[in-house]
Amino acid sequence: MNQPTSDSADNQNLFAALRAAFPSNLDAIAVETDNGLHYSWRDLDRATAMLANLLVSLDLPEGSRIAVQVEKSVEAMVLYLATLRAGYVYLPLNTAYQSAEIDYFISNAEPAVVVCSGKNFGWVSKIAFKAGTGHVFTLNEDRSGSLLERAAHFSDQHAAAHKSADDLAVIIYTSGTTGRSKGAMLTHGNMLSNALVLKDYWGWTPDDVLIHALPIFHVHGLFVAIHGALLSGSKMIWFGKFDPRQVVARLPEATVFMGVPTLYVRMLAEPALNEATVRRMRLFISGSAPLLIETFNEWRARTGHTILERYGMSETVMLTSNPYDPKQGERRGGTVGFPLPGVALRVQDDAGQPVPTGEIGGIQVKGPNVFKGYWRMPEKTREEFTADGFFKTGDVGKIDAQGYVTIVGRAKDLIISGGYNVYPAEIESYINDMSGVAESAVVGVPHPDFGEVGVAIVVPKPGQALQADRIMAQLKASLANFKIPKRCFVASELPRNTMGKVQKAALREQHKSLFV
Ligand code: MCA
Ligand code: AMP
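Okay, so let's go over this structure. (Residues numbered from 1 in each chain as written. Chains lettered and ligands numbered in written order. Predicted model: local features only at pLDDT ≥ 70, side-chain atom pairs only at ≥ 80, totals over all residues. Heavy atoms only, no water.)

Counted according to the given criterion, the structure contains 29 salt bridges. With its nearest N and O atoms 3.4 Å apart, the salt bridge here joins Lys-163 to Glu-62. Separated by 101 residues along the polypeptide, Lys-163 in the loop between helix H6 (146-151) and strand S7 (168-174) and Glu-62 in the loop between helix H2 (41-57) and strand S3 (65-69) bring together distant segments of the chain. A residue is classified by how much of its surface remains accessible, and Lys-163, at 4% relative accessible area, is buried. Taking relative accessible area as the criterion, Glu-62 reaches 47% and is therefore assigned partly exposed. (Salt bridge = Lys/Arg side-chain N within 4 Å of Asp/Glu carboxyl O. Helix = DSSP H or I, 4+ residues; strand = E, 2+ residues; numbered from the N terminus. Buried < 20%, exposed > 50% of the residue type's maximum accessible area, 1.4 Å probe, protein only.)

With that out of the way, let us pick up the sheet that holds strand S13 (residues 308-313). Ordered in space as S2-S1-S10-S9-S11-S12-S13-S14-S15, the nine strands form an open sheet in which the pairing is mixed. Bordering the open sheet on either side are strand S2 (38-40) and strand S15 (338-339), each of which pairs with just one other strand. Bridge count for strand S9 (residues 209-212) against strand S10 (residues 235-238) is four bridges, and the pairing is parallel. Paired with Ile-211 across the two strands is Ile-237, which belongs to S10. Across the face of the sheet, H2 comes into contact with strand S1 (29-33) and S2 while running at roughly 75 degrees to S2. Packing of helix H7 (residues 188-201) onto the sheet brings it into contact with strand S14 (317-321) and S15, and relative to S14 it is tilted by some 30 degrees. (Pairing = 2+ DSSP bridges. Contact = heavy atoms within 4.5 Å. Axes fitted to C-alpha atoms, helices over the stretch in contact; angles between N-to-C directions.)

Let us look at the packing of helix H4 (residues 99-109) against helix H5 (residues 121-130). Where H4 contacts H5, the axes come no closer than 10 Å and their chain directions differ by 30 degrees. With respect to H5, the axis of H4 lies roughly parallel. As for the relative orientation of H4 and H5, their crossing is right-handed in sense. Packed against H4, whose contacting residues are Ser-99, Ile-102, Asp-103 and Ile-106, the element H5 presents Trp-123, Ile-127, Ala-128 and Lys-130 at the interface. (Parallel < 35°, antiparallel > 145°, perpendicular 65-115°, else oblique. Left-handed = near helix turned anticlockwise from the far one by under 90°.)

Orientation of helix H13 (residues 424-432) relative to helix H14 (residues 468-478), taken along the N-to-C sense of each, is 115 degrees, at an axis distance of 10 Å. Viewed along their axes, H13 and H14 form a crossing whose handedness is right-handed. The segment H13 lies against H14, with Ile-427, Tyr-430 and Ile-431 engaging Ile-471, Leu-475 and Ser-478. A breakdown of the residues in the contact of H13 with H14 according to their chemical character gives five nonpolar, one polar and no charged. (Nonpolar A, V, L, I, M, F, W, Y, C, P; charged D, E, K, R; others polar.)

Attention now moves to the sheet that holds strand S24 (residues 451-460). Sheet architecture is open: three strands sit in the order S23-S24-S25, paired in mixed fashion. At either end of the open sheet lies a strand with only one pairing partner, and these are strand S23 (437-447) and strand S25 (487-490). Taken over all neighbouring pairs, the strand axes of this sheet differ in orientation by 20 degrees on average, direction set aside. Relative to S25, S24 is paired through four bridges, and the arrangement is parallel. Residue pairing for S25: Ile-457 is matched across the bridge by Phe-489. Strand contacts of H13: S23 and S24, with the helix running at about 145 degrees to S23, the strand carrying the most contacts.

This paragraph deals with the site of ligand 2. Close to ligand 2 lie 17 residues; Arg-310, Ser-314, Asp-395, Lys-412 and Asn-421 are nearest. At a separation of 2.9 Å, a nitrogen atom of ligand 2 approaches a polar side-chain atom of Glu-309. The side chain of Lys-412 places a nitrogen or oxygen atom 2.6 Å from an oxygen atom of ligand 2. Protein burial of ligand 2: of its 500 Å² of free accessible surface, 91% is covered by the chains. In terms of residue count, S13 provides more of the shell around ligand 2 than any other element does, five residues in total. (Near = heavy atom within 4 Å. Polar contact = N/O pair within 3.5 Å; in protein donor to acceptor, adjacent residues only side chain to side chain. Areas by Shrake-Rupley, 256 points an atom, 1.4 Å probe, with all protein chains shown as cover.)

This brings us to empty space enclosed by the protein. In this structure the tally under the stated criterion is five cavities of 30 Å³ or more. Taken as a whole, the largest cavity holds about 90 Å³ of empty space. What lines the largest cavity is a set of ten residues, and nearest its centre among them are Ser-175, Arg-180, Ser-181, Glu-426 and Lys-483. No other element matches the three residues that H4 contributes to the lining of the largest cavity. The residue inventory of the lining of the largest cavity, partitioned by class, reads three nonpolar, three polar and four charged. (1 Å grid on protein atoms, 1.4 Å probe; cavity = no way out; pocket = protein on both sides within 12 Å on 5 of 7 lines; lining within 4 Å. Points joined across faces, edges and corners; volume = space filled by probe spheres on them.)

Set out below in structure tokens:
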């Protein structure tokens, strides 16, 4: 069914807002890539229109999901924008996911269209067609593949589909404490409201130049970075892959950088990073994982810049930020700053009562940025919200008398490694299914590069012998590489408390010095 299209003022389509912010000179450069390609604003406009027209020509039902697992490229960003423009629902997938993981996402989301790399077409299309997907296209980093070949036949004019703020724009898969990944449903209104707040809060201007060096299948690189630049008509210097030396070499041309803490740690190891390299920079932003105070201090000493740390989630986009404007306060290392304008954030105890200022409890949030719910999981959605409509983040923290929020831990069993989330329950279930395994525990321990990494402790069934390297090899064959524990130990038992529950804290303590 073709969707009604409109560029009218009441259209809440996120793409329409981004397009309206393009500079009047459409021939100015919008994106410059690390391998020397230049894309003007006109190029982005025309390419998103052609792809949107291709999608519309497929006569997909309203709300169709477009699932995408491709290497980072400007064309992949264009595909995201075109999906918004055409009014469909974008579903990005980490390029590290292997077949069992992709099978789950595709069966769960039932996308009408799947776009994958040419090299993966064989296995991805098999999974997709089995799940009822009607169209599988390919898109490669070098701009080859069936998607762009087909799009080349379509018009470069397209009026953005009419959307209301509550209409679904994207599904981002994320996991909870137990079970499989859940699709967080974000609306056009969730993302546009957040992007507008950040544009103002972080002082974006058309003169900004953003270094984009993050992957574009998660909230940080896909939304926070791209929306920020597009909504301000700012240029992006685009890296297909993060390379600390090359990024430092381009810093003199840039004004804004966003990264997970690992990116800062790796840039600090570059001798070329100094005050002169960052002379044009106005803002370094960190998020997705805790920024160690050592990194925060070292960065300030080396560059003269104070990193601005912020906090967010797939379900909520951005929640808090340290101030940009010094009049609003200092950027305080170890904290994630203040709730963003429009975000209500509170800390409660297990009984659902507010804790006194400075005391620790569960962080709960409410605001126009908070997602609509988990895809086809109404019960799980209900469980994660309080009766008065606050979303339970699963993060544990405190708010001090000045209003700064500090995250002190997580109630959810989650490891954040180099900015990627790893769910111990998922890894343990794979290990527990291996022959000869009685049980296992995966815990996060400190790591100098990734912040935290997983370590597996595996108990054999009575009379069975297990080899740690074989367990690791089996995991590598089925799971995304960043989820593989960095070490595996075979043990005769797991420590338990009197209730019989595995004491993960004891295991974390036992292995805490493995890498540091
Ligand atoms: C790669 N490896 C990792 C990770 N990345 N291991 C643990 N954790 C990781 N994050 C392993 C690979 O498995 C491989 O191991 C080896 O390191 C080299 O892989 P390679 O791909 O070359 O790694 P890399 O290119 O150096 O990648 C490191 C990276 C990357 C650049 C830090 O992980 C990255 O881009 N992280 C950013 C993630 C991100 O954008 N998160 C935002 C989520 P082997 O050789 O054994 O196979 S959004 C979010 O969290 C919220 C909403 C928010 O607040 O933003
Ligand atoms: P994701 O599921 O990828 O959206 O990850 C969201 C989680 O990342 C949050 O619930 C936090 O646990 C964590 N996170 C994001 N930003 C920060 C930060 N600045 N400091 C500590 N944890 C963070």
